[in-house]
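Structural description and commentary
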Amino acid sequence: MTAPKDHDAYIAAAPEPLRPLLADLRAQLAITLPDAEEIIAYNMPGFGFGKTVIAGYAAFSKHCGLYLSNAAIAAHADEIAASGLKATKTGVTFSPAKPIPDALVAKLALSSRKALGL
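The text that follows walks through the structure, step by step, so that each part is easy to find. (Residues numbered from 1 in each chain as written. Predicted model: local features only at pLDDT ≥ 70, side-chain atom pairs only at ≥ 80, totals over all residues. Heavy atoms only, no water.)

Within the element layout of this structure, E37 appears in strand 1 (residues 37-41). The sequence separation of E37 and V53 amounts to 16 residues, and the corresponding C-alpha distance is 9.4 Å. Aside from chain neighbours lying at most four places away, what touches E37 is G46, F47, G48, F49 and G50. (Helix = DSSP H or I, 4+ residues; strand = E, 2+ residues; numbered from the N terminus. Contact = heavy atoms within 4.5 Å.)

With that settled, the discussion passes to helix 2 (residues 19-32). The terminal C-alpha atoms of helix 2 lie 20 Å apart, and with 14 residues this matches the ideal 20 Å at 1.5 Å per residue to within 8%. What helix 2 keeps buried is the set L21, L22, L25, R26, Q28, L29 and T32. End-on, the buried residues of helix 2 take up no more than an arc of 165°, which puts them together on one face. (Expected span 1.5 Å × (residues − 1). Buried < 20%, exposed > 50% of the residue type's maximum accessible area, 1.4 Å probe, protein only. Arc of directions from axis to C-beta.)

Here you go:
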């Protein structure tokens, strides 16, 4: 994928089966972080303030990722595991077969915002 100019362009360029997941994730983050700006950082769409990313998301060939502060991932590790999702220090991956629940997206985004002091 080339560097996207905005969230719409990023989602449009993603593999077709992942586009609904990305659109849903974008909508949930917009609801959860209503005062945050839609930004592009590290060639990924996200929500934040200036250059500080609260939550970013990405599409790969067969899955998507939600990227947050490591404190948010650590604080909700049990919920992530209980949802059957994989986590790294700063992200959670999910697929069309096992999407990330909206409630978990909201918890993670708010926790990331709090950890970043925003």
